[in-house]
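Okay, here's what each chain looks like letter by letter:
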Amino acid sequence: MTTINEIFRAFAPEYIERYPNMPGHHRKVIAAIINCRSGKYGTTVYRCLKCGQKHFISRSCGNRHCPMCQYHKTQAWLEKQLNKQVGGQHFMITFTLPEEIRPIARQNQKLVYQALFKASSQALKKLAQDKRFIGTSLPGFTGVLQTWGRQLQYHPHIHYIVVSGGLSENRDAWIPSRKDFFVHEKPLSIIFRAIFMKEMKKAGLSGQIPSSVWKKDWVVDSEAMESADNSIRYLAPYVFRVAISNSRIVKVEDRFVYFKYRKHSSKQMKTMRLEVMEFIRRFLQHVLPSGFMKVRHFGFMNPNCCTPHETIVKLIEDHTGETLKKVEPSEPPKQYCSDCGGELVYLWSIIPMFHQRE
Ligand SMILES: [Zn+2]
Ligand SMILES: [Zn+2]
């Protein structure tokens, strides 16, 4: 199988030569992906429990944009988050930036992504306060920014997992939302657009945006989640998914990368091919600005919320009459001896001075 790391090893040096002025954080990601498990980041030594043989395994890069490092990170994140979940029905609400704004977003990623988070989260909070819906200033939701569509194209959007209700203003009761929706999509999209416009003005970017975009409908999509609880587990794949995973790569032939994608609103899989320089360019446009937090918790889901987590869980349980199912994280993948199949145990790591992981 061809992996994205292999594609980068073979073709990224050419890409760097062609685009010497690329942003520094793109260069860092390229280096991480090329050097992942190559020995550059050092070696970890394991011993087989059965035959005693020592095994030397090259360390991974740990970069959040590396396709090889995702599984491990998802598990670690899940473990940390599982004790933050609450029960009850949940919604997934998705806010998408209209096409006309995408070129400006690509050039001003940090500013626009921040505005996207601000406009969407404030719109949710504002409507939750509306008596027609929930009537509280204390809803709880978690958002994850994604910048790609199925064909690796640039398509910034935020998925929110929203708990179906909120705490009462004095924080001693649970106020449920409707079962089929949290708030109406139409007013949500209007408020979202208005706050985003204000943010663009503040950032001095509104002059670059065609005025027609403020008159059209912005896409906000709300869906009730199939299962009532375990919000965090729903979110995990969104959190650590990178733009494209190795399992979607079909082959690389004559400088073309062939990869699978699912056709919009159907289960049908199609194959797309991109010239390899274009493939790398598309992959890199989804690299987030250094240090940018793509997962954010709001309202009572925020760790700074002054109502203890157990209290919220209890209030929701009292309301639904159902106890929150505790979900245990799955075991981290074990390593096995290539000689006898015995389990490997960690001994120590050899870490070089000059190829520190970021
Ligand atoms: Zn062994
Ligand atoms: Zn890696």
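Residues numbered from 1 in each chain as written. Chains lettered and ligands numbered in written order. Predicted model: local features only at pLDDT ≥ 70, side-chain atom pairs only at ≥ 80, totals over all residues. Heavy atoms only, no water.

Some thoughts on the pairing of strand E8 (residues 249-253)
(1) Moving on: As judged from the four bridges shared by E8 and strand E9 (residues 256-262), these two strands associate in the antiparallel manner. From the neighbouring strand, Glu253 faces E9, where its bridge partner is Phe256.
(2) Moving on: Joining the antiparallel neighbours E8 and E9 is a turn of two residues, in which Asp254 adopts a positive phi near 45°. (Pairing = 2+ DSSP bridges. Helix = DSSP H or I, 4+ residues; strand = E, 2+ residues; numbered from the N terminus.)

Comments concerning the nonpolar core
(1) Moving on: Within the largest apolar cluster, 43 residues are counted, with the highest numbers of intra-cluster contacts made by Ile93, Leu124, Tyr160, Phe182, Leu188 and Phe196.
(2) Moving on: Elements with a minimum of two residues in this core: strand E3 (90-96), helix H4 (102-107), helix H5 (109-129), strand E4 (138-148), strand E5 (154-167) and helix H6 (185-202).
(3) Moving on: The biggest single contributor to this core is H5, with ten residues.
(4) Moving on: Counting 34 residues, the second-largest nonpolar core is a separate cluster that includes Phe11, Ile30, Cys61 and Leu152. (Core = buried A, V, L, I, M, F, W, Y, C linked by side-chain atoms within 4.5 Å. Buried < 20%, exposed > 50% of the residue type's maximum accessible area, 1.4 Å probe, protein only.)

Quick look at the pattern of salt bridges
(1) Moving on: Tallied over the entire structure, the rule returns 13 salt bridges.
(2) Moving on: Among the salt bridges present, the one from Asp217 reaches Lys186, with a minimum N-O distance of 3.3 Å. Here the residue Asp217 occupies a position in the loop between H6 and strand E7 (220-224), and Lys186 occupies one in helix H6, the gap between them amounting to 31 residues.
(3) Moving on: By relative accessible area, which is 53% here, Asp217 ends up exposed.
(4) Moving on: Three or more residues joined by partner-sharing salt bridges are found here, namely Glu14, Arg18, Arg255 and Glu275. (Salt bridge = Lys/Arg side-chain N within 4 Å of Asp/Glu carboxyl O.)

Focus: the environment of Ala203
(1) Moving on: Counting through the fold element by element, Ala203 comes out in the loop between H6 and E7.
(2) Moving on: In this structure Ala203 comes out as partly exposed when scored by relative accessible area, which is 28%.
(3) Moving on: Put simply, Ala203 and Leu111 are 92 residues apart on the chain and 7.4 Å apart in space, counted from C-alpha to C-alpha.

Comments concerning the packing of aromatic side chains
(1) Moving on: Counting across every chain of the model gives 18 aromatic pairs.
(2) Moving on: Taking 6.4 Å as the distance between ring centres and 35° as the angle between the ring planes, the aromatic pair formed by Phe117 and Phe298 counts as tilted. Within this pair, whereas Phe117 is found in helix H5, its partner Phe298 is found in strand E11 (residues 295-299), the two being separated by 181 residues in sequence. Pair check on accessibility: Phe117 and Phe298 agree, each one buried.
(3) Moving on: If you follow Lys251 out to its NZ or CZ, it ends over the ring of Tyr258, 4.6 Å from the centre.
(4) Moving on: When the ring centre of Phe292 is taken as reference, the NZ or CZ atom of Arg296 above it lies at 4.7 Å. (Phe/Tyr/Trp six-rings, centres within 6.5 Å; stacked < 30°, edge-to-face > 60°. Lys NZ or Arg CZ within 6 Å of the ring centre and 35° of its normal.)

Some words on the side chain of Asn5
(1) Moving on: Turning to its location among the elements, Asn5 is positioned in helix H1 (residues 4-18).
(2) Moving on: The class of Asn5 is buried, set by a relative accessible area of 0%.
(3) Moving on: With near-sequence residues (within four places) excluded, Asn5 lies in contact with Ile33, Cys36, Cys66, Pro67, Met68 and Asn246. (Contact = heavy atoms within 4.5 Å.)

Quick look at H6
(1) Moving on: Along its 18 residues, H6 runs 26 Å from first to last C-alpha, staying within 8% of the 26 Å computed at 1.5 Å per residue.
(2) Moving on: What H6 keeps buried is the set Leu188, Ser189, Ile191, Phe192, Arg193, Ile195, Phe196, Glu199 and Met200.
(3) Moving on: Buried residues in H6 make contact with E3, H5 and E7.
(4) Moving on: Backbone geometry just after H6 places Gly204 at a positive phi near 75°. (Expected span 1.5 Å × (residues − 1).)

Focus: the coordination of the zinc ion (ligand 1)
(1) Moving on: Distances from the zinc ion (ligand 1) to its protein donors, Cys48 (SG), Cys51 (SG), Cys337 (SG) and Cys340 (SG), fall within 2.3 to 2.4 Å.
(2) Moving on: For the zinc ion (ligand 1), the four donor atoms in the first shell make angles of 96 to 118° at the metal, so the coordination geometry reads as tetrahedral.
(3) Moving on: In the primary sequence, the donor residues of the zinc ion (ligand 1) line up as C-x2-C-x285-C-x2-C. Here the residue Cys48 occupies a position in strand E1 (residues 43-48), and Cys340 occupies one in the loop between helix H9 (309-320) and strand E12 (344-350), the gap between them amounting to 292 residues.
(4) Moving on: Relative accessible area serves as the criterion here: at 0%, Cys48 is assigned to the buried category. (Donors = N, O, S within 2.8 Å, 3.2 Å for Na, K, Ca; no water. Tetrahedral: all angles 85-135°; square planar, octahedral: opposite > 155°, others 65-115°.)

Quick look at the environment of Leu347
(1) Moving on: Within the secondary structure, Leu347 is located in strand E12.
(2) Moving on: When the C-alpha positions of Leu347 and His55 are compared, they lie 9.6 Å apart, and in sequence the two are 292 residues distant.
(3) Moving on: Setting aside residues up to four positions removed in sequence, Leu347 forms contacts with Val45, Tyr46, Arg47 and Lys54.

Topic: the sheet that holds strand E2 (residues 54-58)
(1) Moving on: Strand order in the open sheet formed by three strands is E2-E1-E12, and the pairing between neighbours is antiparallel. Two strands bound the open sheet, and with one partner strand each, they are E2 and E12. Taking each pair of neighbouring strands and ignoring which way they run, the sheet shows an average axis angle of 30°.
(2) Moving on: Inspection of the sheet shows E1 paired to E12 by six bridges, in the antiparallel sense. (Axes fitted to C-alpha atoms, helices over the stretch in contact; angles between N-to-C directions.)

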